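Observations on the three-dimensional arrangement
Spelled out from the first residue to the last, the chains are:
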Amino acid sequence: MLNAEDIAQRVRAYQPSADLDLLRKAYAFAERAHEGQKRKSGEPYFVHPASVAGIITDLRLDHASVCAGLLHDVVEDTLATKKDIEREFGAEIAELVDGVTKLSQINFVSKEDKQAENFRKMVVAMSRDIRVLLVKLCDRVDNMRTMEHMKPEAQERIARETMEIYAPLANRLGIMKFKSELEDLSFKYLEPDGYAEVSEAVATTQKERDRYIADVVKTLSSRLAGQGFAADVSGRAKHLYSIWRKMKANQVGLEAVHDIIAFRILVESVSDCYATLGVVHSKWTPIPGRFKDYIALPKPNMYQSLHTTVIGPGRERIEIQIRTHEMHKVADAGIAAHWKYKERAAGGGGGNAGGVDASDEARFGWLRQLMQWQKDLKDPAEFLEGVKVDLFQDEVYVFTPKGEVRVFPRGATPIDFAYQIHSELGNRITGARVNGKIEPLRYKMRNGDVIEVMTSTTQQPSKDWLEFCATTSARSKIRNFLRTEQREKSLKLGKELLEREFARASISLPKLLKNDNELRHALEQLKIGNVEELFVSIGYGKLDPKAVVTTVAPPDPNGKDTPPASLKEGALEGLVRKVTKRDEGGIRLNGIDDVLVRYAKCCNPLPGDDILGFITRGRGVTIHRRGCTKAFDTDPERRVEISWDSKAKINRTVQLKVVTANRPGILANVSHTFSTQGINIAEANCRAGDDGRAVNVFTFMCSDLSQLKVVMKALQKVTGVVEVERA
C-alpha cells in the first residue's frame, strides 16, 4: 500500500506548487475514518482509497483531485459529513468528494428510467467539474482490479456497467489505457470462457511474438536512424478484448487473426510523422484502405496519430502508429494530458478548477452535447438511448460544400447532416448530393464524403425518417415535429368530440368556456391544468367526453341519467376497463387486472421484460418493451405505468436473430439446441450472405424472459454461432 509520503512525492514531481501538507492531512484523515473497516478480501479498507490516489497521480491530476481520491468513500462509508470535509479541506475538495459520492451511488443496472436519471446526474456533475468523473474512473479501475473476492452476480453486474458506461467514457475522455484495461477486466467476468481461451492462446505464442516484435523494432529503428530521425520504436500485442472481438467476428482462432501486433513510432514533429510514414511504406507494402490520418482529422477525444497497416516480415500484417511525443501523452492520458492547473488565489476557492479551458473547448463538444440533451430530452429513456447511440459509437467525418468538417456516429445519413446544420433545413430535406452524385435520404455517409443538402418548401418530416437517421438531435427534432402535429390533430378532434357530447346533453360549450368559475371547478375535478389539455386528453383517448358532461352537470338525486359505473371510477381507468374477466395478457394498470391490451409487434414484450403502456384510442393499452425505439415515437402524454400480473401464465411469440458461419450442419446444431431446451420452432427464415455468414431468424413461443435468456446462452455456446439477439 502506498504511504502518504509516496503519494506526496509523486504529486510534487509534476505539480511543484501543490499543497503537500494538505495531502498528508487528507491521507491521515481518511485512514483514521476507515479504521476497522475491511474489504471482501479481508485487507484493510483504506488500501482502496490509497490505491485510487495512486492511480490519480498516474494521470498527473492536481493535488485537490488526489485528496478527493483519498477521501472519496469517507462521506458514504463513515460518520464524516460533507461539512466536515469542507471545514478540514476547503470547499473545492468537499465539492469533488460530494460529486464522486453521488456517482458512487449510481446503479446502472436498474429500471430504464432510473438508469437514465442516474446517468443524467453524472452528466451534470461532470459538466460542473470534469475531475469528478476522472476520480470516479480511477475508483472504478481499482475496483475492477480487485473484484475477485466478490460474488459472481456482483462481478457480472459491475463488469457489465463498466463495459457499457465507464469504458466508453474513458474512450471519450481520450484515456486509452483506462479504456483497454477496463474492457479486458470486464471481458474476464462477462465472458470467462472466451477470456481463458484468448489468454491461453496469447500466452502460448508469447515467445514467438516477442522475437518477432524485437526483429521489427530493430529493423524500423535502424532504418529511421539511417534517415536521420530521432525515433522511439516499440511493439505490443493488442489487448485481449479487441483480439477476442476479431476472433468472434470472423469465427477463427488466434492464428488466423491478422494485425494483432501494433507498433508505435514516436518522433519529434508533425512533419517527421509524415516523413516516417514514407520510410515505412518504402520498406513494406501498405494494405489499401487501411491508412488513417488522425493528425489532420483528430478524433473528438483529442487523439492524433497516423495509422497504417503493412505486410511485414513473414508476410504478417502489422499495424504501425506514428505520432509525436506530445500526441502520445494525449493518447495515453486524454484530457488529463491537457490539464490546465488553476492555482487557488489566497483565501479563495478553486471552484472552476475542473472546468475545461477555453482553448480546449472545441475538443469537448460531446460534453456540451450531453448537457444539451439532458436539458432538452425530458423523457429519460429517450435521453439514455441518445447517449448510447451518439456518445459511444465510432465516428465518420464528412465535409460541407465549403470544406467544413462535421463528425457523426457511424450509420448517420443526410438527414442527420441537415438537422445538425439547422432544424428548418432538416425539416425540408428531400435528398442530398454526395460527392456530386444524388443519393437518397437512406444513404449512410462515409469518411470523406462531401454532402450538399437538397430541399423543398413542401417537404415535411415523416415517421419513416426515424428508421434511418442515427443522431439523437435529429431523432428528437423529428419526434417533436410529429408530436406537435399529432397534438394539434388531437386538440381539434377533442374539441369536436366534446362539442358533440355537450350538444347531446343540451349544454353550451362556448358558455362553459366563458364562465370562469364553472370552468375552473370542472378542470379541478378532472385534475387537468387548462382547456387546451382538456381537448388534447379527449383527442388522445385519455379522457371520455361523457366524464366532462358528468362533472359539469351531475345526475340529480333521483338517479336519472346516472353515468356508467366505469366513469365514476375515474376517466382513465374507465377507458381501459373493457372486459369483465381477466385478460389473457396478464397486465396490471394501477391495480386493475382486467385491462384490454395488445402487444406491440415491434418489440414483442415477454413476461419479465420492463414494459410501458400507451393508451390507444378504441384499442385499450398497447404494450411496448421499455427502451423500444418505436415507443419513443409515441407522445409521452399517452403513457401509463403498467406491470405484469404475477398470477398470469401466458406464452408469447418471440423472435431471435442468430448469426452463424455459413457452413454445413450449423442449422441442424442450432435447431437441436432449441429442441433440448423444450422449444418448438414455429417459423425459421434463413439467409446466407456473401461474407461467409448466415442470418437466421427463428420464431417460437416463450413463457418469460428467464426462459429466453437460457435459450440465448445455450445458442451462444454452439460452435459457429457469431451473434444471438432478440429480433
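Residues numbered from 1 in each chain as written. Predicted model: local features only at pLDDT ≥ 70, side-chain atom pairs only at ≥ 80, totals over all residues. Heavy atoms only, no water.

**Describing the overall build of the chain**
From N to C terminus, the chain includes 31 helices and 21 strands. The proportion of buried residues among the 727 residues of the chain is 49%. Contacts spanning at least 24 positions in sequence make up 65% of the contacts within the chain whose residues lie at least 6 apart. Counting only carbon and sulfur atoms, one obtains 48% of the accessible surface of the chain, whose full area is about 35100 Å². (Helix = DSSP H or I, 4+ residues; strand = E, 2+ residues; numbered from the N terminus. Buried < 20%, exposed > 50% of the residue type's maximum accessible area, 1.4 Å probe, protein only. Contact = heavy atoms within 4.5 Å. Areas by Shrake-Rupley, 256 points an atom, 1.4 Å probe, with all protein chains shown as cover.)

**Remarks on a negative patch on the surface**
Where like charges cluster on the molecular surface, the negative patch consists of Glu191, Asp193, Glu197 and Glu200. Inspection of the secondary structure puts glutamate 197 in helix H12 (residues 192-204). Judged by its relative accessible area of 44%, glutamate 197 falls in the partly exposed class. (Patch = residues over 30% accessible without salt bridge, like charges linked within 9 Å, V, L, I, M, F, W, Y side chains within 5 Å. Salt bridge = Lys/Arg side-chain N within 4 Å of Asp/Glu carboxyl O. Lys, Arg positive; Asp, Glu negative; His and termini not counted. Charge placed at Lys NZ, Arg CZ, Asp CG, Glu CD.)

**Quick look at the sheet that holds strand E13 (residues 597-599)**
A sheet is described by the order of its strands in space; here four strands give the open sequence E13-E15-E14-E16, paired in mixed fashion. The open sheet terminates on both sides in strands that have one partner only, identified here as E13 and strand E16 (639-640). Pairing analysis gives three bridges linking E13 to strand E15 (residues 621-625), with the strands arranged parallel. Across the sheet, residue tyrosine 599 finds its bridge partner in E15, namely isoleucine 623. (Pairing = 2+ DSSP bridges.)

**Quick look at the nonpolar core**
One finds Leu71, Ile85, Ile93, Phe178, Ile265 and Ile320 to be the most contacted residues of the largest nonpolar core, which totals 97 residues. When residues of this core are assigned to their parent elements, the largest contribution, nine residues, is made by helix H9 (residues 130-145). Each residue touching phenylalanine 178, except ones within four places of it in the same chain, is listed here: Ile55, Leu59, Leu137, Cys138, Val141 and Ala170. In this structure, Ile415, Ala432, Ile478 and Leu482 belong to the second largest nonpolar core, which totals 24 residues. (Core = buried A, V, L, I, M, F, W, Y, C linked by side-chain atoms within 4.5 Å.)

**Looking at the side chain of glutamine 155**
On the secondary structure map, glutamine 155 appears in helix H10 (residues 152-172). Within the local environment of glutamine 155, its side chain forms a polar contact with the backbone oxygen of methionine 147, the two atoms lying 2.9 Å apart. Apart from residues no more than four positions distant in its own chain, glutamine 155 is found in contact with Met147, Glu148, His149, Met150 and Tyr189. (Polar contact = N/O pair within 3.5 Å; in protein donor to acceptor, adjacent residues only side chain to side chain.)

**Details of the sheet that holds strand E11 (residues 451-455)**
Taking strand neighbours across the sheet as the criterion, the three strands line up as E10-E9-E11 in an open arrangement whose pairing is antiparallel. Strands at the two margins of the open sheet, each flanked by one partner only, are strand E10 (437-439) and E11. Taking the axes of each pair of neighbouring strands and ignoring which way they run, one obtains an average angle of 35° across the sheet. One ladder, built from three bridges, connects strand E9 (residues 429-434) with E10; its direction is antiparallel. Note on E10: the bridge partner recorded for valine 434 is lysine 437. Here helix H19 (residues 414-421) sits on the sheet and contacts E9 and E11; the angle it forms with E9, its principal contact strand, is near 105°. (Axes fitted to C-alpha atoms, helices over the stretch in contact; angles between N-to-C directions.)

**What about helix H3 (residues 47-58)?**
The end-to-end C-alpha distance of H3, which contains twelve residues, comes to 17 Å, matching closely the 16 Å that a straight helix rising 1.5 Å per residue would cover. Within H3, ten of the twelve residues are buried, which leaves the element mostly enclosed by the surrounding structure. Taken residue by residue, H3 has Val47, His48, Pro49, Ala50, Val52, Ala53, Gly54, Ile55, Ile56 and Thr57 as its buried positions. The elements touched by buried residues of H3 are helix H1 (4-14), helix H2 (20-33), helix H4 (63-71), H9 and helix H11 (176-190). (Expected span 1.5 Å × (residues − 1).)

**Regarding the pairing of E9**
Where E9 lies against E11, five bridges are found, and the strand directions are antiparallel. By the bridge assignment, valine 434 is partnered in E11 with isoleucine 451. The turn joining E9 and E10, which pair antiparallel and follow one another in sequence, is formed by two residues; a positive phi near 55° is taken by asparagine 435.

**Looking at the packing of H11 against H12**
A pair of packed helices can be characterised by two numbers: the angle between their axes and the separation between those axes. One way to put it is that H11 packs onto H12 with a least axis distance of 5 Å and a crossing angle of 120°. Here H12 runs oblique to H11, going by the angle between their axes. Residue-level contacts link Asp184, Phe187, Lys188, Tyr189 and Leu190 of H11 to Pro192, Gly194, Tyr195 and Val198 of H12. Within the contact of H11 with H12, the residues separate by chemical class into six nonpolar, one polar and two charged. (Parallel < 35°, antiparallel > 145°, perpendicular 65-115°, else oblique. Nonpolar A, V, L, I, M, F, W, Y, C, P; charged D, E, K, R; others polar.)

**Focus: the packing of aromatic side chains**
With the rule as written, the count across this model stands at eleven aromatic pairs. When the ring of tyrosine 599 is compared with that of tryptophan 644, the centres are 6.1 Å apart and the planes differ by 10°; the resulting orientation is stacked. You can see tyrosine 599 sitting in strand E13 and its partner tryptophan 644 sitting in strand E17 (residues 642-644), a full 45 residues away along the chain. In terms of burial, tyrosine 599 and tryptophan 644 fall into one category: buried. Site record: aromatic cluster; members linked through ring pairs are Phe187, Tyr195, Tyr241 and Trp244. Stacked on the ring of phenylalanine 89, the Lys or Arg lysine 25 has its end atom at 5.4 Å from the ring centre. (Phe/Tyr/Trp six-rings, centres within 6.5 Å; stacked < 30°, edge-to-face > 60°. Lys NZ or Arg CZ within 6 Å of the ring centre and 35° of its normal.)

**Comments concerning the confidence of the model for the chain**
On average, residues of the chain score 80 in pLDDT, and 80% of them reach the 70 mark or higher. In the predicted structure, residues 340-353 sits below a pLDDT of 50 and forms 24 contacts with residues beyond four places in sequence or in another chain. Confidence over residues 561-585 falls short of pLDDT 50; this stretch has 50 contacts with residues more than four positions distant or in other chains. (pLDDT = per-residue confidence, 0-100.)

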